Amino acid sequence: MPTSSDIDQWSTQLRKGLAELCVLAAVERLGEAYGYQLVQFLTEHDGLSLTESTVYPLLARLAREGHLNVTSTPSPSGPPRRYYHITASGRRSLAAMSQHWTAVAASIQRIIGPTSSTEK
Amino acid sequence: MSGASSFDDQGSDLIDAYLIAVENALIAAGAPRADRMQVLQDLETQITEMLSAQPLPFTEEAIRAVLDKLEPPSHFATAYSSGSKTRESTSPTSLATQRSFRLSRPDWPIVAAVSAAILVLSSLFAMIAAASGPNDFWISLTLLSYFVGFVSTPIALWKAYRQLRSDPAAPGRDLVLKSAIVFGMIAPILFVLLAAEATNGAAPILFGIVAFFYAQYLLLRRLWRYLSDALPTPSSASTTNSASRNAPSSAHPATPMPAM
């Protein structure tokens, strides 16, 4: 029987696999957001638990690959804020991943059924 | 840290120590410099915003409380490495490119392992040559396999090292480690045996003298390092505490912090 640690590990791997989709979708939804704003937005959603150690390196890589644009805006206190905007390339990737996720989620839901076997 | 108008030196040191630890973790994970700078800037913004919720002036406890809410620096390296691995395995746009790239680039850990295996074979051939008496075939095979293994293994190990450094998610780490150990064990022994055979026994004496002085050098260097670490210097007391970011928040510094 899987332990809670096994489930946690599986859950962590699942979240990391979906991190890119979630980050792109969050930027698209917010229109324009800086790093901490995105972390706070993603943290509000139960089950994701995407922390800054996952989000910031991902943002940097997505920006490097051209899926996100970055603009620096002076902040009244502290360092300039780096605002992220999704690009056309990012939108295409997001659309492809969203389509794939929708299909996968629907298939998994069909396999699992309306109630899980443990509830029967 | 930029824009830190309400930090004292100790608080600024704590934040700098954390950011440096994150950068070092990203460097170890092979993150490009541009990525590292972006991550650090985003982190700095987050720290500033989290601190802005604290009352002024920012005490050391308040800064530690904020830093304790952040992920440990090592998590940034793990996330970066696993993020790269995830990207390669799930991106629909880059798989074909990666596949063709990998086909044209040799898998150096495997090459290193094969070269090290050739060295093992050469020692086997040497034993057969010694047991079977003067036999040109086995002697030639021993020399050939030894030459190939002795030359190709360090080259392959170096290439594998660079390959793994540039791509932390690539497999083959264990192969590289084991190949290095095999090369380090077998190559010198065979070299000494062959040199002894060629010089009628004079070479091992020379190697023994060199090895003695090298062992002495290693011993002295170890002794120097031990004494350097064990004997405190006056300038190290003020920097030790501010650099100890990774210690748990409940841990107390080994030495009391100097008054500013």
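Structure shown above.
Rules and cut-offs
Residues numbered from 1 in each chain as written. Chains lettered and ligands numbered in written order. Predicted model: local features only at pLDDT ≥ 70, side-chain atom pairs only at ≥ 80, totals over all residues. Heavy atoms only, no water. Patch = residues over 30% accessible without salt bridge, like charges linked within 9 Å, V, L, I, M, F, W, Y side chains within 5 Å. Areas by Shrake-Rupley, 256 points an atom, 1.4 Å probe, with all protein chains shown as cover. Salt bridge = Lys/Arg side-chain N within 4 Å of Asp/Glu carboxyl O. Helix = DSSP H or I, 4+ residues; strand = E, 2+ residues; numbered from the N terminus. Buried < 20%, exposed > 50% of the residue type's maximum accessible area, 1.4 Å probe, protein only. Pairing = 2+ DSSP bridges. Core = buried A, V, L, I, M, F, W, Y, C linked by side-chain atoms within 4.5 Å. Contact = heavy atoms within 4.5 Å. Axes fitted to C-alpha atoms, helices over the stretch in contact; angles between N-to-C directions. Parallel < 35°, antiparallel > 145°, perpendicular 65-115°, else oblique. Left-handed = near helix turned anticlockwise from the far one by under 90°. Nonpolar A, V, L, I, M, F, W, Y, C, P; charged D, E, K, R; others polar. Buried area = accessible area lost by both parts, 1.4 Å probe.

Peer 1: Just checking my understanding: could you explain a nonpolar patch on the surface for this structure?
Peer 2: Residues and elements named next belong to chain B. A cluster of nonpolar side chains, namely Leu-144, Phe-147, Val-148, Phe-150, Val-151, Ile-155 and Phe-191, defines an oily patch on the protein surface of about 630 Å² accessible area. Top contributing element to the nonpolar patch by residue count: helix H7 (residues 136-166), with 6 residues. Within the secondary structure, Phe-147 sits in helix H7. A relative accessible area of 55% means that Phe-147 is categorised as exposed.

Peer 1: In this structure, what is going on with the sheet that holds strand S1 (residues 33-34) of chain A? I would like to understand it.
Peer 2: The strands making up a sheet associate through backbone hydrogen bonding, with each pair oriented either parallel or antiparallel. Residues and elements named next belong to chain A. If you trace the 3 strands from one edge of the open sheet to the other, you get S1-S3-S2, paired in antiparallel fashion. The outermost strands of the open sheet, each flanked by one partner alone, are S1 and strand S2 (68-73). As defined by bridge partners, S2 adjoins strand S3 (residues 81-86) across 6 bridges and the pair is classed as antiparallel. Across the sheet, residue Asn-69 finds its bridge partner in S3, namely His-85.

Peer 1: Where do I start with the nonpolar core in this structure?
Peer 2: Within soluble globular proteins, side chains that are nonpolar tend to cluster in buried spots. Within the largest apolar cluster, 47 residues are counted, with the highest numbers of intra-cluster contacts made by Leu-42 and Tyr-56 of chain A together with Tyr-18 and Ile-47 of chain B. With 7 residues, helix H1 (residues 4-30) of chain A is the largest single contributor of residues to this core.

Peer 1: Looking at this model, I keep getting lost on helix H2 (residues 35-43) of chain A. Mind explaining?
Peer 2: Because the α-helix completes a turn every 3.6 residues, residues three or four places apart line up on one side. When H2 of chain A is considered as a whole, its buried residues turn out to be Gly-35, Tyr-36, Leu-38, Val-39, Phe-41 and Leu-42 of chain A. In this structure, the buried residues of H2 of chain A make contact with H1, S1, helix H3 (52-64) and S3 of chain A together with helix H2 (33-52) of chain B.

Peer 1: Explain the packing of H2 of chain A against H3 of chain A here, please?
Peer 2: All names here are of chain A. Where H2 contacts H3, the two axes come as close as 10 Å, and the packing angle between them is 130°. With respect to H3, the axis of H2 lies oblique. Considering only the axes of H2 and H3, their crossing is right-handed. Along the contact surface, H2 presents Gly-35, Tyr-36, Leu-38, Val-39 and Leu-42, while H3 presents Glu-52, Val-55, Tyr-56 and Leu-59. Looking at the contact of H2 with H3 residue by residue, the classes come out as 7 nonpolar, 1 polar and 1 charged.

Peer 1: Is there a simple way to think about the side chain of Thr-45 of chain B in this case?
Peer 2: By the element assignment, Thr-45 of chain B lies in helix H2. Judged by its relative accessible area of 5%, Thr-45 of chain B falls in the buried class. Excluding its chain neighbours within four sequence positions, the residues that come into contact with Thr-45 of chain B are Tyr-34, Pro-79, Pro-80 and Arg-81 of chain A.

Peer 1: Before we go on, may I ask you to explain the interface of chain B and chain A in this structure?
Peer 2: The parts lose accessible area when they come together, and the size of an interface is often stated as this lost area. Contact with chain B, which involves 28 residues of that partner, is made by 27 residues of chain A. Around 2400 Å² of area is buried between chain B and chain A when both sides are counted, 53% of it from carbon and sulfur atoms. On the surface where chain B and chain A come into contact, there are 3 salt bridges. The dominant element in the side of chain B that touches chain A, judged by the number of residues it contributes, is H2 of chain B, at 12 residues.

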